[in-house]
Amino acid sequence: MALPNGTSTMELDRGELRPNALSDPLQRAISYLRVSVTDRCDFRCVYCMAEHMTFLPKADLLSLEELDRLCSAFIAKGVTKLRLTGGEPLVRRGIMTLVSSLSRHLASGALKELTLTTNGSQLERYASELKANGIKRVNVSLDTLNGDKFRAITRWGDLDKVIAGIDAAQAAGLQIKINAVALKGVNDEEIAGLLEWAHGRGMDLTVIEVMPLGDVDESRLDQYLPLSIMRARLAEHYTLEEIDYRTGGPARYVRVKETGGRLGFITPLTHNFCESCNRVRITCTGTLYMCLGQNDAAGLRSPLRASGNDTLLHAAIDEAITRKPKGHDFVIDRRHQRPALPRHMSMTGG
């Protein structure tokens, strides 16, 4: 992929000196980068977005070439897992050009995994191409198997289209993990059925506590269900066996003896796992967030565009990582009913 000055990102990757791997003040190695390629989405999930969202002007977004160069800089500094997110990443025009270009890092061995989080709406169209470009597994967000309820949660979504996307992904040979946000009084009675369905199709399931990011027109306090309660309910009917299994993310897994499948829990509110955090996030405008639950950030767009080589960019990344905090401060403001942070999840990336 060529940069505006005519230099290819491949040439930049072949610098004589590879920068030192990233390590934060707590000596945690930063090996996992999540990149939001767009803040736009074709759903309006009630826990993620307001129904009438104002999105960034398209002119503010980094180009696909710039995103490639930015990702490549992190890979040169020791990132071995890269996840593309959004919004919905597959609605970004030309997204497969970026996927195809980034796949060269898989071929070189510098990148161990290139993966994607999607709502599944475009998966039927892109599944085969994703697999052909080295992606082996994707996460699909799916909170219910009830079509009417799915429409209510997503506001705009079509469950049949998502299921068709999952079918296509499995037919293409992609591994699928289902992500479900636990919503009190909405889908909390369906998690067992979702688990049986996912495991019956050979898919892992991860359940996630609602995250208090951005104004979504609804009370997070009304939505929030502690997963300690969910786990206790499931344990009444299933044998949950502790296992030492990690995917590089924040989920902690058990094996469900009765189904043989894995069940993950992501608990940013009841029990965070910040002590082992190896992740940073970049937005589609080139803003680096060292922690999902903090506002401190570093702008990488300026150093990215200031020079045709990566010296300034690497220096900016190094400085930002020195400010990675010990952990986040996620709380639900029970008194004022305000989100913990005004930034929407779709802006930072899942």
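Just above sits the structure.
Report on the accompanying structure. Bear in mind that the values here come from a model prediction, so they are computed numbers and not experimental data. (Residues numbered from 1 in each chain as written. Predicted model: local features only at pLDDT ≥ 70, side-chain atom pairs only at ≥ 80, totals over all residues. Heavy atoms only, no water.)

### Comments concerning the overall build of the chain
Operational definition: Put simply, DSSP H or I for four residues or longer makes a helix, DSSP E for two residues or longer makes a strand, and each gets a number counted from the N terminus. Each residue is assigned to one of three classes by its accessible area relative to the maximum for its type, calculated with a 1.4 Å probe on protein chains only: buried under 20%, partly exposed between the two thresholds, exposed over 50%. Residue contacts are defined here by distance: any two heavy atoms, one from each residue, within 4.5 Å place the two residues in contact.
Across its full length, the chain carries twelve helices and twelve strands. Expressed as a percentage of its 350 residues, the buried residues of the chain come to 55%. Nonlocal contacts in the chain, meaning residues at least 24 apart in sequence, comprise 74% of its contacts between residues at least 6 apart.

### Regarding unusual backbone geometry
Here the bond from Gly 86 into Gly 87 is cis, since omega is 20°, no more than 30 degrees from zero. With respect to the secondary-structure elements, Gly 87 resides in the loop between β2 (81-85) and α3 (95-108). The residue Gln 27 is not glycine, and still its phi comes out positive at about 65°. Along the polypeptide, Gln 27 turns up in the loop between α1 (9-13) and β1 (32-36). A positive phi angle, near 70°, is found at Arg 155, a position not held by glycine. Residue position: Arg 155 is located in the loop between α5 (147-154) and α6 (159-171).

### Description of the side chain of Arg 252
Here is the rule: As used in this structure description, the phrase polar contact means that two N or O atoms lie within 3.5 Å; if the pair is within protein, one of them must be able to donate a hydrogen and the other to accept it, and residues adjacent in sequence are counted only when both atoms belong to side chains.
The topology assignment puts Arg 252 in strand β8 (residues 252-256). For Arg 252, a relative accessible area of 17% gives the class buried. Reaching out from Arg 252, the side chain makes a polar contact with the backbone oxygen of Pro 250 at a distance of 3.2 Å.

### Comments concerning the packing of helix α2 (residues 64-76) against α3
For clarity, the cut-off: Fitted lines through C-alpha atoms serve as axes, helices being fitted only where they are in contact, and the angles separating the N-to-C directions of these axes extend from 0 to 180 degrees. Roughly parallel covers angles under 35 degrees, roughly antiparallel covers those over 145, roughly perpendicular covers 65 to 115, and oblique covers all other angles. A crossing counts as left-handed when the near helix is turned anticlockwise from the far one by less than a right angle, and as right-handed when that turn is clockwise. For this classification, Asp, Glu, Lys and Arg are treated as charged, while Ala, Val, Leu, Ile, Met, Phe, Trp, Tyr, Cys and Pro are nonpolar and the rest, including Gly, are polar.
In contact at an axis separation of 10 Å, α2 and α3 are set at 25° when each is read in the N-to-C sense. Here α2 lies roughly parallel to α3, going by the angle between them. In the packing of α2 onto α3, the handedness of the crossing is right-handed. Across from Leu 64, Leu 67, Asp 68, Cys 71, Ser 72 and Ile 75 in α2, the residues of α3 making contact are Ile 95, Thr 97, Leu 98, Ser 101, Leu 102, Arg 104 and His 105. Counted by class, the contact of α2 with α3 contains seven nonpolar, four polar and two charged residues.

### Re the environment of Gly 87
When its relative accessible area of 23% is taken as the criterion, Gly 87 is described as partly exposed. Sequence separation between Gly 87 and Val 37 is 50 residues; the distance between their C-alpha atoms is 7.8 Å.

### Things to note about the packing of aromatic side chains
In plain terms, the rule: Two aromatic rings from Phe, Tyr or Trp, using only the six-membered ring of Trp, form a pair when their centres are within 6.5 Å; if the ring planes differ by under 30 degrees the pair is stacked, by over 60 it is edge-to-face, and anything between is tilted.
For the structure shown, the criterion picks out two aromatic pairs. Between Phe 43 and Phe 150, the aromatic rings sit 5.8 Å apart at their centres with planes inclined by 85°, giving edge-to-face as the arrangement. Of this pair, Phe 43 sits in the loop between β1 and α2 while Phe 150 sits in helix α5; the two residues are 107 residues apart in sequence, bridging distant segments of the chain. Phe 43 sits in the buried class, given a relative accessible area of 5%.

### Description of the sheet that holds strand β7 (residues 240-242)
Strands in a sheet are paired, the pairing made by backbone hydrogen bonds, and the direction either parallel or antiparallel. Inclusion rule: Strands are treated as partners if at least two bridges between them are detected by DSSP.
Spatial ordering of the open sheet is given by β7-β8-β9-β6-β5-β4-β3-β2-β1-β10-β11-β12, a layout of twelve strands whose pairing is mixed. Two strands bound the open sheet, and with one partner strand each, they are β7 and β12 (297-299). Strand-to-strand, the axes of this sheet are offset by a mean angle of 25°, without reference to chain direction. As paired elements, strand β11 (residues 287-289) and β12 share three bridges and run antiparallel to each other. Its bridge partner lying in β12, Thr 287 is registered against Gly 299. α2 rests against β1, β2, β10 (279-282) and β11 of the sheet, and its axis sits at about 170° to β1.

### Quick word on the pattern of salt bridges
The test is simple: The term salt bridge refers to a side-chain nitrogen of Lys or Arg lying within 4 Å of a carboxyl oxygen of Asp or Glu.
Enumeration over the complete set of coordinates arrives at 16 salt bridges. Notably, a salt bridge pairs Asp 39 with Arg 40, separated by 3.8 Å at the nearest N-O pair. Glu 113 serves as the salt-bridge partner of Lys 81, at 3.7 Å between the closest nitrogen and oxygen. Of the two residues, Lys 81 sits in strand β2 while Glu 113 sits in strand β3 (residues 113-118), which places them 32 residues apart along the sequence. Judged on exposure class, the residue Lys 81 and its partner Glu 113 are both buried. Here the salt bridges do not stand alone but share partners, grouping Lys 81, Glu 113 and Arg 137 into one network.

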